[in-house]
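Chain residues, written in single-letter form:
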Amino acid sequence: MKCLQLVLTLFVPLVVGFSAMTVSSEAPAPDAAAGDGMLLVANKGDQTLGVVDPQAGRQVATVAEGGITGHEVIASPDGRVAYVPIYGNSGVGKPGTDGQNIDVIDIASRKVIGNVDFGHGVRPHCALIGPKDGLLYVTTELDKTISIIDPSTLKIVGAIPTGQAESHMLAISPDGKRGYTANVGPGTVSVLDMENRKTVAVIPVSGQIQRIAVSTDGKLVFTSDQTKPQLAVIDTSSNKIKAWIPMPGMGYGTATTPDGRWLVVAVRTANKVAVVDLGTMKVAQVIDVPAAPQETLVRPDGQAAYVSCDASHQIAVVRTSDWKVEKLIDAGPGADGLAWAGRK
């Protein structure tokens, strides 16, 4: 690494006490679904992809990335391959290196087996698999686009303009027809026509936002205000803000449960997770977790939510049956992006 001091400044957090959180001592019931996949975590601090066995509750392997550094990860639908965009050594909108490639990693062999090179610095960040077409979509911030990649050939086959700077995170509607980007610095959400590859609307939200998620029925979009402790709820039929939900601190990553009842929100500044009842549009539960929670991922069976906690190098496992922290899993430094690699 060329500039150790910069990376240490960015990724090594202050030691934060965590005596207030209680981990449930109840032994969870055996869960076959947890054994049907692996949890992937982007460890920013040591530039690795972590492979976590969720049933054993431990990180079983790390794979060194081919650059500095991956913030996010997504797995192929068959759970065999992980795609890690190499973003750079800074945060969104901040000075630093400009990543220009995606590492393709075979999960079973723990090896980098492929690469997508954009040919210039684009800061690729959030990668998703299209729910209908199976294509790989990734935010390419510096080009103000979503790049489209054919996973079978690793060729770039198209792009969708977002019309905004700092298009950091992407969510795709369940039918695959609409995409939504959280444009951090502009504080806007771009609405994308995924089939015709164009921007159809830009929604003003706040002075700055972070992260984004879509409801299971595709009717709502959620993004976290970074100027006030509140969550914006956008009506996708009108592309307008429908409601604001007060948060116990600045929200960050969000994820819905498969049944559509709950939204799990990482509250980074308060070291908590807020659970929003989507029927009442109110916070129903607040859970203590380790410092600097970043991203949330709800397991496909809906029985657990995983929350990456940057400052503690841990992943909190939250049972959705009673909203208790079941256990903490040690990951790598700067634990951030999460993905589920299901076994088929």
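To start, this report covers the structure provided alongside it. What you see is a predicted model; the values in this text were computed from it and never measured.

1. Some details on the layout of surface pockets
Alright, step 1. Looking at the largest pocket, its volume works out to about 1300 Å³.
Alright, step 2. Lining the largest pocket are 41 residues, with Ile74, Leu128, Ala255, Leu297 and Val298 sitting closest to its centre.
Alright, step 3. Those elements giving two or more residues to the lining of the largest pocket turn out to be β4 (74-75), β8 (124-129), β12 (167-172), β16 (209-214), β20 (251-256), β24 (293-298) and β28 (335-342).
Alright, step 4. Grouping the amino acids of the lining of the largest pocket by side-chain chemistry returns 25 nonpolar, 11 polar and 5 charged.

2. Focus on the pairing of strand β14 (residues 188-193)
Alright, step 1. Of all 6 residues in β14, 6 are buried; the element is thus mostly enclosed.
Alright, step 2. In β14, alternate side chains face the same way, and those of Thr188, Ser190 and Leu192 on one face and Val189, Val191 and Asp193 on the other are all buried.
Alright, step 3. Counting the residues between successive antiparallel strands, the hairpin from strand β13 (residues 178-183) to β14 contains 4 residues, one of them, Gly187, with a positive phi of roughly 70°.
Alright, step 4. Strand direction decides the pairing type here: β14 and strand β15 (residues 198-204), joined by 6 bridges, are antiparallel. Across the sheet, Val191 pairs through a bridge with Ala201, a residue of β15.
Alright, step 5. Linkage of β14 to β15, two consecutive antiparallel strands, is achieved through a turn of 4 residues, within which Arg197 is found at a positive phi near 55°.

3. Observations concerning the nonpolar core
Alright, step 1. Of all hydrophobic cores here, the largest spans 39 residues; its most connected members are Tyr83, Ile102, Leu136, Tyr137, Leu170, Val189 and Ile212.
Alright, step 2. Non-local contacts of Leu170, meaning those with residues more than four positions away in its chain, are made with Cys126, Leu128, Tyr137, Thr139, Ile146, Gly179, Tyr180, Thr181, Leu192 and Ile212.
Alright, step 3. Of all hydrophobic cores here, the second largest spans 17 residues; its members include Ala255, Val264, Val275 and Trp323.

4. A word on the pattern of salt bridges
Alright, step 1. One pass over the structure, following the stated rule, counts 11 salt bridges.
Alright, step 2. Salt-bridge contacts for Arg319 lead to Asp322; the nearest nitrogen and oxygen are separated by 2.9 Å.
Alright, step 3. Looking at Arg319, the relative accessible area reads 8%, which means it is buried.

5. Describing the sheet that holds strand β21 (residues 262-267)
Alright, step 1. On the basis of which strands lie adjacent, the open sheet formed by 4 strands has the order β20-β21-β22-β23 and antiparallel pairing. Here the strands that pair on one side only, and so sit at the sheet edges, are β20 and β23 (282-288). Strand-to-strand twist across the sheet, computed as the mean angle between neighbouring axes with direction ignored, equals 25°.
Alright, step 2. In terms of strand pairing, strand β22 (residues 272-277) meets β23 through 6 bridges, oriented antiparallel. Note on β23: the bridge partner recorded for Val273 is Ile287.

6. Re the sheet that holds strand β1 (residues 37-43)
Alright, step 1. Spatial strand order, β3-β2-β1-β28: 4 strands in an open sheet with antiparallel pairing. A single partner strand is all that each edge strand has here, and the edge strands are β3 (58-64) and β28. The sheet shows a mean angle of 25° between the axes of neighbouring strands, direction not considered.
Alright, step 2. Bridging between β1 and strand β2 (residues 48-53) involves 5 bridges; their strand directions are antiparallel. When the bridges of β2 are listed, Asn43 appears paired with Thr48.

Reading the values: rules and limits
Residues numbered from 1 in each chain as written. Predicted model: local features only at pLDDT ≥ 70, side-chain atom pairs only at ≥ 80, totals over all residues. Heavy atoms only, no water. 1 Å grid on protein atoms, 1.4 Å probe; cavity = no way out; pocket = protein on both sides within 12 Å on 5 of 7 lines; lining within 4 Å. Points joined across faces, edges and corners; volume = space filled by probe spheres on them. Helix = DSSP H or I, 4+ residues; strand = E, 2+ residues; numbered from the N terminus. Nonpolar A, V, L, I, M, F, W, Y, C, P; charged D, E, K, R; others polar. Buried < 20%, exposed > 50% of the residue type's maximum accessible area, 1.4 Å probe, protein only. Pairing = 2+ DSSP bridges. Core = buried A, V, L, I, M, F, W, Y, C linked by side-chain atoms within 4.5 Å. Contact = heavy atoms within 4.5 Å. Salt bridge = Lys/Arg side-chain N within 4 Å of Asp/Glu carboxyl O. Axes fitted to C-alpha atoms, helices over the stretch in contact; angles between N-to-C directions.

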